[in-house]
Amino acid sequence: MDKVKLFSIPDIKFYNPPEFREYLVENYESSQVDHDLTIIVGITKLNKIDFFEALQSFGFTTVRNLGSVSHIKFDLDEAPIECYVTHDADTGVVIFYTNYRKTNKNEIPKIRDFLSSDVNTYYLFFKPSLMREIAEELMDGHENLEITEFTARRLPNSRFESHIRPNYDRTISYWGDDGREALQELGYQYGVLPSRFVVNIPETIKFVIDDEGLFTFASGNLNILFDILEKAVNESRKTMAAYDGSDFKVLPVNTAGRIFDIPSSTPVSIQLNQSIEYHDISEFRAKLNKDYTIVDFIAREGSLFLSSDLVSKSGFQFRIKANENHIKMFPDGKMIFSEFMKFYEFIIKSIDPRAEFLI
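For every chain, the first residue of the written sequence is number 1, and numbering continues from 1 onward in sequence order. Two thresholds apply to this predicted model, a pLDDT of at least 70 for residue-level local features and 80 or more for giving and counting side-chain atom pairs, whereas whole-chain, interface and lining totals are computed over all residues. Working from all heavy atoms in the structure, the side-chain values ignore hydrogens and water.

Asks: Hey, could you run me through the sheet that holds strand β14 (residues 268-271) in this one?
Replies: Two pairing modes exist for strands in a sheet, parallel and antiparallel, and in both the strands are linked by backbone hydrogen bonds. Following DSSP output, two strands are said to pair if at least two bridges run between them. Helix and strand labels come from DSSP, where a helix needs a run of H or I of at least four residues and a strand needs a run of E of at least two; each type is numbered from the N terminus. Taken in spatial order, the six strands make up an open sheet running β15-β16-β17-β18-β14-β19, and their pairing is antiparallel. Edge positions in the open sheet fall to β15 (292-300) and β19 (356-357), since each of these has one partner strand only. Bridge count between strand β17 (residues 317-322) and strand β18 (residues 326-331): five bridges; the pairing is antiparallel. From the neighbouring strand, Arg 319 faces β18, where its bridge partner is Phe 330.

Asks: Sorry, what's going on with the packing of helix α6 (residues 222-245) against helix α8 (residues 337-351) here?
Replies: Axes are the key here: two packed helices are described by the angle between their axes and the distance separating the axes. Axis separation between α6 and α8 bottoms out at 11 Å; the angle between their running directions is 120°. The angle between the axes of α6 and α8 places the two elements in the oblique class. α8 is crossed by α6, and the crossing has right-handed handedness. Residue-level contacts link Thr 239, Met 240, Ala 242 and Tyr 243 of α6 to Phe 337, Phe 340 and Met 341 of α8. Simply put, an axis is a line fit to the C-alpha atoms, just over the touching stretch for a helix, and the angle between two N-to-C directions goes from 0 to 180 degrees. Roughly parallel here means an angle under 35 degrees, roughly antiparallel means over 145, roughly perpendicular means 65 to 115, and every remaining angle is called oblique. Rotating anticlockwise by less than a right angle from the far helix to the near helix defines a left-handed crossing, while the corresponding clockwise rotation defines a right-handed one. Contacts: residue pairs with any heavy atoms within 4.5 Å of one another.

Asks: Quick question: what am I supposed to make of the packing of helix α1 (residues 17-27) against α6 here?
Replies: Taken N-terminus to C-terminus, the directions of α1 and α6 make an angle of 155°; their axes are 9 Å apart at the nearest point. It follows that α1 is roughly antiparallel to α6 by the angle criterion. Side by side, α1 and α6 meet where Arg 21, Leu 24 and Val 25 of the first sit next to Leu 222, Asn 223, Phe 226, Leu 229 and Glu 230 of the second. The residue classification treats Ala, Val, Leu, Ile, Met, Phe, Trp, Tyr, Cys and Pro as nonpolar and Asp, Glu, Lys and Arg as charged. All others, Gly included, are polar. Residue classes in the contact of α1 with α6 are distributed as five nonpolar, one polar and two charged.

Asks: How do you make sense of the side chain of Ser 68 when you look at a structure like this?
Replies: Residue position: Ser 68 is located in the loop between β2 (60-66) and β3 (69-74). When accessible area is computed with a 1.4 Å probe and restricted to protein chains, residues below 20% of their type maximum are described as buried, those above 50% as exposed, and intermediate ones as partly exposed. Take Ser 68: its relative accessible area is 14%, and that puts it in the buried class. Beyond its immediate chain neighbours, meaning those up to four positions away, Ser 68 contacts Phe 14, Tyr 15, Asn 16, Pro 17, Lys 48, Val 85, Thr 86 and His 87.

Asks: Honestly, a negative patch on the surface in this entry has me stumped. Any pointers?
Replies: Negative charge collects at one region of the surface, where Glu 146, Asp 177, Asp 178, Glu 181 and Glu 185 lie side by side. You can see Glu 146 is positioned in strand β7 (residues 146-154). By relative accessible area, which is 32% here, Glu 146 ends up partly exposed. Patch building starts from residues that exceed 30% relative accessible area and form no salt bridge, then joins like charges within 9 Å and nonpolar side chains (Val, Leu, Ile, Met, Phe, Trp, Tyr) within 5 Å. All accessible areas in this document rest on Shrake-Rupley with a 1.4 Å probe, and a residue is counted as covered only by the protein chains that are shown. Any carboxyl oxygen of Asp or Glu within 4 Å of a side-chain nitrogen of Lys or Arg constitutes a salt bridge here. The convention is simple: Lys and Arg are positive, Asp and Glu are negative, and His and the chain ends are not counted. All charge positions are set by atom: Lys at NZ, Arg at CZ, Asp at CG, Glu at CD.

Asks: Would you explain helix α5 (residues 179-190) in this entry?
Replies: An α-helical segment advances 3.6 residues per turn. Residues three or four places apart therefore align on the same side. For α5, the full list of buried residues reads Gly 179, Arg 180, Ala 182, Leu 183, Leu 186 and Gly 187. Within α5, the buried residues cover an arc of 165° as seen down the axis, which keeps them to one side. Those residues of α5 that are buried are in contact with α4 (128-141), β7, β8 (170-175) and β9 (193-201). Positive backbone phi, at 65°, marks Gly 191, one or two positions downstream of α5. This arc corresponds to the set of directions leading from the helix axis out to the C-beta atoms.

Interpretation note: all reported values are geometric properties and have no functional meaning in isolation.
Written out as structure tokens, the structure is:
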């Protein structure tokens, strides 16, 4: 592995994550750095101390403490990988910054592996509707903006308008200097929404964004990228509020001189933008079955009622109840943050890309 040097930050103290981002806007010089800057966004239920203990348990060690910024590394046989990380106690957002390469299996993927493996942490995915909003705002604000590459997807039966075969799911990968126009045209004709795109605003910025919270910055004005990042931070507030509203406890009940323990579960409620109809149930169940083991699946026609126990691949058990417009997730024990995020991501990517937490 070629030796890579992490971009330099002096031994100064930062009081909060936004201050670090302001420092990068003023001082980061892409021409002086090996490889592009990669920014990886996650979300965690852990406080700062517990979050860094989780990083340490995974294999990261702290090189320097810069106040709200930590310089960390992961030792490998070839050479260590290094990055900076911030933890925002108010939002739960954690952000990793590094110029190590995302194509090397032992570099950027190590950070992604941590976000995927820790039960209290997850990558901060962007909903398809948010990705489209970001693309449209960039195009509206910059007449000379170029999109040279993108990936766009459509769910079957999506309510986003499609003029050609709307009942098909599809994924389109596109390379071309006319990507800006192609993304709009394919969105109109085929109803696809971007999940990844490469942006070049001449003499302003060049970067890549994907829907799993990963930004790759090549050059230009970091402020534009950080404005997009702020949208992710705002989304995280809704996510945390929904998670914090869920609960599981065992209540003792006295009756006729005997004490019974009654489990009580407060669900997470997800509001659907596109209603589930009874004729959708078989497809809904088939999609569930790809990611979960289904137990006691019940669905009734009329005013739709659906109920099922689900077991994730890691063994986490929960129950869902649904009507036409809502899906509720009831934990069968203590709610696990990563499982909560995985189920919401499943709903977004497989059922309804515009689903929202009901808070």
